[in-house]
Amino acid sequence: MTNQTIPKRSEVPEEMTWNLKDMFASDEAWMTEYEAMKAFPAKIAAFQGTLARSAGDLLAWFRLQDEIELRLSVLMGYASCKGDEDTGNSFYQDVRGKAMNVYVSIASAAAFATPEIMAIPEETLNGFYAQEPELETYRRSLYQIRRRKDHILSPAEERLLASAGEMANASENIAGVFRNADQIFPDVTDSQGSVHPLTDATFVPLLTSPDRELRRRAFETYYKQLGQYKNTIAATLDGQFKQLCFFANARHYDSTIQASLDATEVPVPVYMNLIEAVHNNLDKMYRYVALRKKLLGVDELHMYDVYTPIVADADQAIPYEQAKETVLEALQVLGEDYVDLLKEGFSNRWIDVYENVGKRSGAYSSGNSRPHPYVLLNHKDNLDCQFTLAHEMGHALHSYHSCKYQPVSTSDYVIFVAEVASTCNEVLLMRHLLKKTTDKKQRAYLINHFMDQFKGTVYRQTMFAEFELAMGKMAENGQALTADALCQKYHELNKLYFGPDMVSDDQIALEWARIPHFFYNYYVFQYATGFSAAVAIANRILKEGAPAVADYKKFLSGGCSTDPISLLKIAGVDMSSPEPVNSALALFGELVDEMEQLV
């Protein structure tokens, strides 16, 4: 699509844009609030030295924090959404910058609070709860601050660590600049001699091509070029894990993974259970790979054959209005109240639907749910975008429920559960489409789409998680993360996860060098756990009906009122055991069975 076919922002029908006037009636109203928010750092500073003085002082502090959160989330939400409507609009980029400046000034002013709260003796705090019963609202927040007491240092040491923060991000920043700005690849030609630009963004789309020669050339050219810089990229990863080791040691953690997962109260065994469960289900992945080899009709299946569809294109045009209706049908199982909220979002312009010149790419649901969530799409009339609509509205209604039913202090859920509601919606949509589809070709197309989600989200992300775990252990043992060591380990894992019917080409040993998530500090495993939990919840809803739906809505309404493992147990999923992963991959095995029969 060219810029000539993409409308300007002013040309998009208003009903297909989000209504930001629900936050601020005008830019002028935003500016008025922006100026008013500048007074908060002084109000915050007035509390310094008072938080342990009395129950009333502590309660007043938390009430001020609630007010700031409510107002700041709307201020920043408006600025962010306006900035994303047209990233080339300098006025709104300035607005976004102003909002961030307010946030930073408020956060800086409040830096004294955590050490003061940590220093309150336990018996004093218990007395405060008795004197001010309303402090109970903030018991969870106080626990979250105080539970990491063993890992909080003296004020002087904390200031030193904070001052090292910008330096600690250097490896990730350098890798990002190299990947996005300096890394240039030569063009590649297809079997007909046509030239295709090869970039980090076009690499995977080229690997989906039905032209196998193009896939091979793109694969080999990409990794040949990347290989010239493997030592530089390895050095940035080595720097990343050295700084993780430094901060983990400084805060008295046993390992980098323990330090990372403690931030969201996820026990380390959850990570290990995921890897073990996936290992125990690799037979299903091997059957999928064998099926892919058979359906592509190749003598050898190479890593450049992983992304191309194995079912002839059966994609159908799905207009936006039809996509909405299908999503509403699929999610009827979640009850009338849930569907009514979806309809409210569809009807009252919670969603910015179509692409326009300068609009941010991709899709998201804003974390701000005040006065309601906002969803950004770049909708195309196809199956993928129908699933994206269901996915982002899952995020939106998760945020809506948490903000409605939780006090401000516990309304924001942690990243470990963030993908559960969105993926649950996708699974329910897929099961709905499969249930009503009788055409064999269309059914095979849908199953292929579903299987690829399992392959990419559970198996591949777990392989990444296992590789990241290995890098952490290497760094903790004083071993340098050299390119040769990383290539050897990654190649071993690739062979393990894809099995005997896949040729693990030498070039794939370099794939670690193109994955930005390895700078995200043990992040990727949550894709696999979130997907597994979502499959388990969707299966329970479809099997048990109303009781499962009721439990699921309690989970949606939980915010961060307890730890994420306990929240998921409310929905009937115990991520402290491997059972949800085993259950999800059992479904994957059933899909492979059916695909074998269909084709």
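In what follows, the structure referred to is the one given above.
Calculation criteria
Residues numbered from 1 in each chain as written. Predicted model: local features only at pLDDT ≥ 70, side-chain atom pairs only at ≥ 80, totals over all residues. Heavy atoms only, no water. Helix = DSSP H or I, 4+ residues; strand = E, 2+ residues; numbered from the N terminus. Rg over C-alpha atoms; globule rule 2.2 N^0.38 Å. Buried < 20%, exposed > 50% of the residue type's maximum accessible area, 1.4 Å probe, protein only. Contact = heavy atoms within 4.5 Å. Areas by Shrake-Rupley, 256 points an atom, 1.4 Å probe, with all protein chains shown as cover. 1 Å grid on protein atoms, 1.4 Å probe; cavity = no way out; pocket = protein on both sides within 12 Å on 5 of 7 lines; lining within 4 Å. Points joined across faces, edges and corners; volume = space filled by probe spheres on them. Pairing = 2+ DSSP bridges. Salt bridge = Lys/Arg side-chain N within 4 Å of Asp/Glu carboxyl O. Polar contact = N/O pair within 3.5 Å; in protein donor to acceptor, adjacent residues only side chain to side chain. Axes fitted to C-alpha atoms, helices over the stretch in contact; angles between N-to-C directions. Parallel < 35°, antiparallel > 145°, perpendicular 65-115°, else oblique. Left-handed = near helix turned anticlockwise from the far one by under 90°. Nonpolar A, V, L, I, M, F, W, Y, C, P; charged D, E, K, R; others polar. Expected span 1.5 Å × (residues − 1). Phe/Tyr/Trp six-rings, centres within 6.5 Å; stacked < 30°, edge-to-face > 60°.

(A) Structural detail: the overall build of the protein. For the protein, the count of helices and strands is 26 helices and seven strands. Compactness check: the protein gives a C-alpha radius of gyration of 25 Å against a globular reference of 25 Å for 599 residues, within 12% of the reference. Projecting the C-alpha coordinates of the protein onto the three principal axes gives extents of approximately 75 × 55 × 50 Å. The 599 residues of the protein split such that 54% are buried. Here the analysis covers contacts within the protein between residues at least 6 apart in sequence; of these, 76% occur between residues at least 24 apart. Carbon together with sulfur atoms contributes 51% to the accessible area of the protein, which is approximately 25,900 Å² in total.

(B) Summary view of empty space enclosed by the protein. In total, this model carries three cavities of 30 Å³ or more according to the counting rule given. Size it by volume and the largest cavity reaches roughly 100 Å³. Lining the largest cavity are 14 residues, with Met303, Tyr307, Arg460, Ile508 and Glu511 positioned closest to its centre. Secondary-structure elements contributing two or more residues to the lining of the largest cavity are α11 (203–207), α12 (212–227), α21 (440–476) and α22 (483–498).

(C) Quick peek at the sheet that holds strand β4 (residues 351–352). In spatial order, the strands read β4-β6-β5; together these three strands make up an open sheet with mixed pairing. Pairing within the sheet leaves two strands with one partner each, and these edge strands are β4 and β5 (364–365). Sheet topology note: the β4/strand β6 (residues 375–376) ladder contains two bridges and is parallel. Across the sheet, residue Ile351 finds its bridge partner in β6, namely Val375.

(D) View of the pattern of salt bridges. Applying the stated criterion to the full structure yields 42 salt bridges. Linking Arg71 and Glu33 is a salt bridge whose minimum nitrogen-to-oxygen distance equals 2.8 Å. Of the two residues, Arg71 sits in helix α3 (residues 55–85) while Glu33 sits in helix α1 (residues 27–37), which places them 38 residues apart along the sequence. We note a salt bridge from Asp452 to Lys455, for which the minimum N-O separation is 3.7 Å. Here Asp452 pairs with Lys455, and both are found in helix α21, just three residues apart, close to one helical turn. Lys455 gets classed as buried once you look at its relative accessible area, which sits at 8%. Look at the salt bridges and you will find they share partners, linking Arg9, Lys82, Glu85, Asp352 and Lys359 into a network.

(E) Focus on the side chain of Ser171. Relative to the elements of secondary structure, Ser171 occurs in helix α10 (residues 170–182). Judged by relative accessible area, which is 14%, Ser171 ranks as buried. A polar contact is formed between the side chain of Ser171 and the backbone nitrogen of Gln240, at a distance of 3.3 Å. Residues in contact with Ser171, not counting those within four places in the same chain, are Thr236, Gly239, Gln240 and Phe519.

(F) Highlighting the layout of surface pockets. In this structure, the second largest pocket encloses a volume near 1,500 Å³. As for the second largest pocket, its lining consists of 36 residues, and the residues nearest its centre are Asp384, Asp452, Gln453, Gly456 and Thr457. For the lining of the second largest pocket, the elements supplying multiple residues, two or more each, are α19 (383–405), α20 (420–436), α21, α22 and α23 (525–544).

(G) Representation of the packing of helix α13 (residues 230–250) against α21 in the model. Relative to each other, α13 and α21 sit at 70 degrees, their axes nearing to 9 Å. Relative to α21, α13 is oriented roughly perpendicular. The handedness of the crossing between α13 and α21 comes out as right-handed. Here Leu237, Phe241 and Cys245 of α13 come into contact with α21, specifically with Glu468, Met471, Gly472, Ala475 and Glu476. Considering only residue class, the contact of α13 with α21 consists of five nonpolar, one polar and two charged.

(H) Representation of α20 in the model. Look at α20: 24 Å from first C-alpha to last across 17 residues, which is about the 24 Å you get at 1.5 Å a residue. Counting buried residues along α20, 14 of its 17 residues qualify, which places the element largely inside the surrounding structure.

(I) Molecular detail of the packing of aromatic side chains. Applying the stated criterion to the full structure yields 32 aromatic pairs. Judged by centre distance (5.0 Å) and plane angle (80 degrees), the ring pair of Phe91 and Tyr92 falls under edge-to-face. With relative accessibility at 38%, the residue Phe91 sits in the partly exposed group. On the basis of an interplanar angle of 85 degrees and a centroid distance of 5.2 Å, the ring pair of Phe467 and Tyr490 is categorised as edge-to-face. Within this pair, whereas Phe467 is found in helix α21, its partner Tyr490 is found in helix α22, the two being separated by 23 residues in sequence. Taken as a pair, Phe467 and Tyr490 share a single burial class, namely buried.

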